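# Architecture at a glance
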Amino acid sequence: MLSNLIYISQAVYPFSNEELVNLARQSQQHNTDKDITGMLLYKNQSFMQLLEGQEADILELMAKIKKDQRHTRIRVLFFESVKNRSMPYWSMGFYYMDDLDDADIKRYEQYLQPTADFSGFEEEPGNAISLLKQFATDIHVQAIQEDAMS
Ligand SMILES: Cc1cc2nc3c(=O)[nH]c(=O)nc-3n(C[C@H](O)[C@H](O)[C@H](O)COP(=O)(O)O)c2cc1C
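Residues numbered from 1 in each chain as written. Predicted model: local features only at pLDDT ≥ 70, side-chain atom pairs only at ≥ 80, totals over all residues.

### Some remarks on the overall build of the protein chain
In terms of helices and strands, the protein chain carries five helices and five strands. Shown N-terminal to C-terminal, the secondary structure of the protein chain runs as helices and strands in the order β-α-β-β-α-β-β-α-α-α. Whereas a compact globule of 150 residues would reach a radius of gyration of roughly 15 Å, the protein chain reaches 14 Å, a difference of no more than 12%. Along the first, second and third principal axes, the C-alpha atoms of the protein chain reach 35 × 30 × 30 Å. Buried positions account for 33% of the 150 residues belonging to the protein chain. Within the protein chain, contacts between residues separated by at least 24 positions form 80% of all contacts whose residues are at least 6 apart in sequence. (Helix = DSSP H or I, 4+ residues; strand = E, 2+ residues; numbered from the N terminus. Rg over C-alpha atoms; globule rule 2.2 N^0.38 Å. Buried ≥ 20, exposed ≤ 12 C-beta atoms within 10 Å, placed from the backbone. Contact = placed C-beta atoms within 7 Å.)

### Quick notes on the site of the ligand
Around the ligand, the structure places 15 residues, and the nearest of them are S27, H30, F47, D68 and R70. Only α1 (17–33), β3 (46–54) and α2 (55–66) provide two or more residues apiece to the shell around the ligand. Sort the elements by how many residues they give to the shell around the ligand and α1 lands first, with five residues. Residue composition of the shell around the ligand, grouped by class: six nonpolar, six polar and three charged. (Near = placed C-beta within 6 Å. Nonpolar A, V, L, I, M, F, W, Y, C, P; charged D, E, K, R; others polar.)

### A few points about the nonpolar core
Grouped together as the largest cluster of nonpolar side chains are 34 residues, with contacts concentrated most on M39, L40, L41, F47, M48 and F94. For this core, the element with the most residues is strand β1 (residues 2–11), which contributes five residues. If we ignore the near neighbours within four places in the chain, the residues touching M48 are I6, I8, L41, F118, F121 and A128. (Core = buried A, V, L, I, M, F, W, Y, C linked by C-beta atoms within 7 Å.)

### Remarks on the environment of M48
Inspection of the secondary structure assignment puts M48 in strand β3. By C-beta crowding, M48 is classed as buried, having 22 other C-beta atoms within 10 Å. Along the chain, M48 and E60 lie twelve residues apart, while their C-alpha atoms are 18 Å from each other.

### Points about the environment of E123
Locating E123 in the fold gives a position in the loop between α3 (102–112) and α4 (125–138). Residues E123 and M48, spaced 75 residues apart in sequence, show a C-alpha to C-alpha distance of 14 Å.

What follows is the structure, given as structure tokens:
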């Protein structure tokens with residue numbers, strides 16, 4: 001059954017753009033092997049990740065991600081079966097939102113109120129979807145090169 005899962009979490013230390021790239025690189029091969037697609041966003045020491053794939057594969061990956069010492073306070077916002085993937089093109093698209101310029105920050109602020117990180121999505125999970133959709137539309141997504149070429 002095709003499913004998608006969205007969670008938010010807190011990084012245990014501030015990630016650099018480079019560290020996020022490394023994390024995406026580490027994830028890519030596994031996700032490609034398991035036909036998992038999705039998106040990983042980082043902002044203000046918090047993560048939001050969308051994972052889409054077969055339910056069993058998502059659960060298996062989530063169990064691994066939950067044990068990862070690089071983040072804590074993992075809160076699942078959505079876990080449901082879906083007909084289609086919303087991010088079919090990325091085995092793990094990602095974006096380091098601390099590098100957004102002022103104009104873009106303003107654009108995404110509406111979804112991020114009242115906090116500067118993703119924690120507000122716990123109360124307003126619909127905003128998480130809105131932000132992901134807006135991102136996909138804007139193609140504000142990076143992917144590592146091998147990924148983009150495959
Ligand atoms: C925020 C976050 C998101 C992650 N996303 C993925 C992912 O999508 N796919 C993946 O294979 N590993 C992901 N990881 C890494 C896993 O937790 C784990 O370190 C990695 O799969 C290597 O596992 P292994 O040591 O069993 O090979 C993520 C880690 C963090 C902190």
